[in-house]
Amino acid sequence: MTHPVPQPGIMDIALYVSGDSAVAGHAQVLKLSSNENPFGCSPAVAPAIAATVGTLHRYPSTDHAGLRAAIGAVHGLDPDRIICGVGSDEVLQFVTQAYAGPGDQVITTQHGFSMYPILARAAGAVPVTVPEQTRVVDVDAILAAVTDRTRVVFLANPANPIGTMIADADLWRLASGLPDHVVLVHDGAYAEYVDGFDGGAALVDAHPNVIMTRTFSKIYGLGGLRIGWGYASREIIDVLTRLRQPFNLSDLQMAAAIAAVQDRDFVAMCRDQNATWRRWLTDRLRQTGVGCDESHANFVLARLADATEAGVADAALRADGILVRRVTGYGLPEALRITVGDEAACRRVADVIARVVEARVGARA
Ligand SMILES: *Cc1c(COP(=O)(O)O)cnc(C)c1O
């Protein structure tokens, strides 16, 4: 018996691996493996959701007008140039589906977000991985890798899983240096953690081939609801909208997102707390002798001595009911990506890692 053959590329997809959420023997885990907000979401979200339950038999609005207006008002953007998706992942999917196909190339970087090659292959395209410079995206390497077949360049800025950013001048140099037939995706999943950063909005306004994507999954604490959005030229938004299912977001999702985006005090509190405890955790890891780049996101990447020590630290954390993310699949077997939790969480995770490192140093002495 022969089976139906899927489209090219699909069987080359390696399934996305999400952060663990349970440890055997621990009823209560401290989950620092998926960059979730330790403070949950805005208190305005639950009543906004409750207000939608009487009309769940109705189809939702197809144009997302209320949510796009709310996002536009908060960020000073034209709502007609915003598209909303089931997480920003869906917007990223629209981009690859719309602009890349069999035989085309999609550029990602050495430690780039693992969804990018998945989306490239789903469109039948080939992911091309470009080296970074000491864990920072290398704009010149990206520009050098562009060919006639390049259709999309993915750039997370801040980057995941490292948290580094590229300089504004480099970002603009990249956008200006790309040929017109290449779409630059500036993935701003962590943009809200960078005080004063527009997430790439001005870059979009200056370049017809740039799209910025944003999410409600990180600082807004709504990863469980799946809401994201993109901002680009009217022409790109018109293309992507043709691929979007008319009812991709429920009224419940949209009501939650509107309440969340309007609660600027909550966002500011989360940004401040994150900055304080990211600084503390970074310094503490470095004092322990653990390498840690300056992160601009809500996680840090702790680089231990080698893959073995990363495994020992991960096991010690699990034994304590703490989950972080191993990033071997990202080419960083010696590292652990740790979401910045609240004060107690940061202290717990730093103590366990210090114990592991001190045991190694002590054994050698
Ligand atoms: C978390 C994350 C996203 C957000 O994905 P959603 O689908 O919006 O939950 C996008 N890009 C990067 C780099 C991320 O880390």
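Residue indices begin from 1 for each chain and proceed along its sequence in written order. With the structure being a predicted model, the display of local features is reserved for residues of pLDDT at least 70 and the display and counting of side-chain atom pairs for 80 or more, all residues being used for whole-chain, interface and lining totals. Excluded from the side-chain calculation are hydrogens and water; included are all heavy atoms of the structure.

Trainee: Help me understand the overall build of the chain, please; the structure alone is not making it clear to me.
Mentor: By definition, any uninterrupted DSSP run of H or I lasting at least four residues is a helix, any uninterrupted run of E lasting at least two residues is a strand, and each is numbered from the N terminus. Summing up its helical and strand segments, the chain has 12 helices and 13 strands in all. Two residues qualify as a contact provided that any one of their heavy atoms is within 4.5 Å of a heavy atom in the partner residue. In the chain, of all internal contacts separated by at least 6 residues, the share reaching a separation of at least 24 is 74%. Total accessible area computed for the chain in this model is approximately 15600 Å², and 54% of it derives from carbon and sulfur atoms. Charge assignment: positive for Lys and Arg, negative for Asp and Glu; neither His nor the chain ends contribute. Each charge is placed at NZ for Lys, CZ for Arg, CG for Asp and CD for Glu. Here the chain contributes 31 positive and 39 negative side-chain charges, whose respective centroids are spaced 4 Å apart. Under the convention used here, a 1.4 Å probe and the Shrake-Rupley method define accessible areas, while residue burial counts only the protein chains that appear.

Trainee: Explain the site of the ligand here, please?
Mentor: Proximity is defined per residue: any heavy atom of the residue falling within 4 Å of a molecule or strand makes that residue near it. Surveying the vicinity of the ligand reveals 14 residues, the closest of which are Asp187, Tyr190, Thr215, Ser217 and Lys218. N or O atoms closer than or at 3.5 Å make up a polar contact, with two conditions inside protein: a donor-capable atom paired with an acceptor-capable one, and, for residues adjacent in sequence, both atoms drawn from side chains. Contact between the ligand and Asp89: an oxygen atom at 3.0 Å from a main-chain N or O atom of the residue. Measuring from an oxygen atom of the ligand, one finds a side-chain N or O atom of Arg226 at 2.7 Å. The element that contributes the greatest number of residues to the shell around the ligand is helix H3 (residues 87–99), accounting for 3 residues. All amino acids are sorted into three groups, where Ala, Val, Leu, Ile, Met, Phe, Trp, Tyr, Cys and Pro are nonpolar, Asp, Glu, Lys and Arg are charged, and the leftover types, Gly among them, are polar. By residue class, the composition of the shell around the ligand is 5 nonpolar, 5 polar and 4 charged.

Trainee: Can you help me understand the packing of H3 against helix H4 (residues 115–122) in this one?
Mentor: To characterise two packed helices, one gives the angle between the axes of the helices and the distance between these axes. The interhelical angle for the contact between H3 and H4, taken along N-to-C directions, is 40°, at an axis separation of 9 Å. Taken together, the axis directions place H3 and H4 in an arrangement best described as oblique. As H3 runs across H4, the sense of the crossing is right-handed. Residues Asp89, Leu92, Gln93 and Thr96 of H3 pack against Met115, Tyr116, Leu119 and Ala120 of H4. Residue composition of the contact of H3 with H4, by class: 5 nonpolar, 2 polar and 1 charged. Angles run from 0 to 180 degrees between N-to-C directions of axes, and those axes are lines fitted to C-alpha atoms, restricted for helices to the stretch in contact. When an angle is under 35 degrees it counts as roughly parallel; over 145 it counts as roughly antiparallel; between 65 and 115 it counts as roughly perpendicular; any other value is oblique. Helix crossings are classified by the rotation of the near helix relative to the far one: an anticlockwise turn of less than a right angle makes the crossing left-handed, while a clockwise turn makes it right-handed.

Trainee: Sorry if this is basic, but what is going on with the pattern of salt bridges here?
Mentor: When the charged atoms of two side chains with opposite charge come close together, those side chains can pair. Between Lys or Arg on one side and Asp or Glu on the other, a salt bridge is scored when a side-chain nitrogen of the former is within 4 Å of a carboxyl oxygen of the latter. Applying the stated rule across the entire model yields 23 salt bridges. The shortest N-O distance in the salt bridge between Glu192 and Arg214 comes to 3.1 Å. Taken together, the positions of Glu192 in the loop between strand S6 (183–187) and helix H7 (201–206) and Arg214 in strand S7 (residues 210–215) put the pair 22 residues apart, joining distant regions of the chain. Like Glu192, the residue Arg214 is buried in the burial classification. Look at the salt bridges and you will find they share partners, linking Arg68, Asp78, Asp80 and Arg234 into a network. For every residue, the accessible area obtained with a 1.4 Å probe (protein chains only) is divided by the maximum for its type, and the residue is called buried under 20%, exposed over 50%, and partly exposed between those limits.

Trainee: I keep staring at the packing of aromatic side chains and nothing clicks. Help me out?
Mentor: Two measures describe an aromatic ring pair: the distance that separates the ring centres and the angle between the ring planes. When the centres of two rings from Phe, Tyr and Trp lie within 6.5 Å, Trp using its six-membered ring, the rings pair. Their planes under 30 degrees apart give stacked, over 60 give edge-to-face, and anything left gives tilted. Under the definition given, this model contains 7 aromatic pairs. For the ring pair Tyr16 and Phe113, a centre distance of 6.2 Å and an interplane angle of 75° mean the geometry is edge-to-face. One end of the pair, Tyr16, is in the segment before strand S1 (30–31); the other, Phe113, is in the loop between strand S3 (105–109) and H4, and 97 residues separate them in sequence. Where Phe113 meets Tyr116, the ring centres are 5.5 Å apart and the plane angle is 85°; that geometry is what we call edge-to-face. What makes Tyr116 buried here is its relative accessible area of 1%. One Lys or Arg, Arg337, reaches over the ring of Phe299 and ends 5.7 Å from the middle of that ring. Placement of a positive charge over a ring is assigned whenever Lys NZ or Arg CZ falls within 6 Å of the ring centre and within 35 degrees of the normal to the ring plane.

Trainee: When you look at the pairing of S7 in this model, what are you seeing that I'm missing?
Mentor: One face of the sheet, then the other: side chains in a regular strand alternate in exactly this way. Of all 6 residues in S7, 6 are buried, a share of seventy percent or more. Here S7 shows two buried faces, one formed by Val210, Met212 and Arg214 and the other by Ile211, Thr213 and Thr215. Between S6 and its parallel partner S7, the chain crosses via H7, and the hand of that crossover is right-handed. By convention, orient the strands away from the viewer: a clockwise path from the first strand over the helix to the second makes the crossover right-handed.

Trainee: Help me understand the nonpolar core in this model?
Mentor: Within soluble globular proteins, side chains that are nonpolar generally end up buried alongside one another. Put simply, a nonpolar core is a bunch of buried Ala, Val, Leu, Ile, Met, Phe, Trp, Tyr and Cys residues held in one set by side-chain atoms that sit within 4.5 Å of each other. Counting residues in each nonpolar core, the largest one holds 53 residues, and the members touching the most others are Leu67, Leu184, Phe216, Leu222, Ile227, Trp229 and Tyr231. Among the domains, domain 1 (10–40 + 265–364) and domain 2 (45–263) are the pair contributing at least three residues each to this core. Once you skip the residues sitting within four places of it in the chain, Ile227 turns out to touch Leu67, Gly85, Val86, Gly87, Ser88, Thr215, Phe216, Ser217, Leu222, Leu249, Gln253 and Ala257. Listed in part, the 30 residues of the second largest apolar core include Val95, Met115, Ile118 and Leu119. Each domain's limits were defined by an automated method or a database of domain assignments.

Trainee: I tried to follow the side chain of Arg68 on my own but got confused; where do I start?
Mentor: Along the chain, Arg68 falls in helix H2 (residues 65–75). For Arg68, a relative accessible area of 14% puts it in the buried group. Among all residues touching Arg68, those that are not within four sequence positions of it are Asp63, Pro79, Asp80, Ile82 and Cys84.

Trainee: In this structure, what is going on with the sheet that holds S6? I would like to understand it.
Mentor: Two pairing modes exist for strands in a sheet, parallel and antiparallel, and in both the strands are linked by backbone hydrogen bonds. Two strands make a pair as long as DSSP finds a minimum of two bridges between them. One open sheet accounts for 7 strands, arranged S2-S8-S7-S6-S5-S3-S4; its pairing is mixed. Pairing within the sheet leaves two strands with one partner each, and these edge strands are strand S2 (82–85) and strand S4 (126–130). Taking the axes of each pair of neighbouring strands and ignoring which way they run, one obtains an average angle of 25° across the sheet. With 3 bridges joining them, S3 and strand S5 (residues 150–156) adopt parallel strand pairing. Following the sheet pairing, Ile107 is matched in S5 by Val153. Contacts from H2 reach S2, S7 and strand S8 (228–231), with the element oriented near 120° to S2. In the packing of helix H8 (residues 234–243) onto the sheet, the strands contacted are S2, S7 and S8, and the crossing angle to S2 comes to about 30°.

Trainee: Teacher, can you tell me more about the sheet that holds strand S13 (residues 332–339) here?
Mentor: Spatial strand order, S9-S10-S13-S12: 4 strands in an open sheet with antiparallel pairing. The open sheet is flanked by strand S9 (291–292) and strand S12 (325–327), the only strands paired with a single partner. Here S9 runs beside strand S10 (residues 299–303); their pairing, made up of 2 bridges, is antiparallel. Residue pairing across strands places Cys292 opposite Ala302, the latter belonging to S10. Across the sheet, helix H11 (residues 307–319) touches S12 and S13, and the angle it forms with S13 is around 35°.

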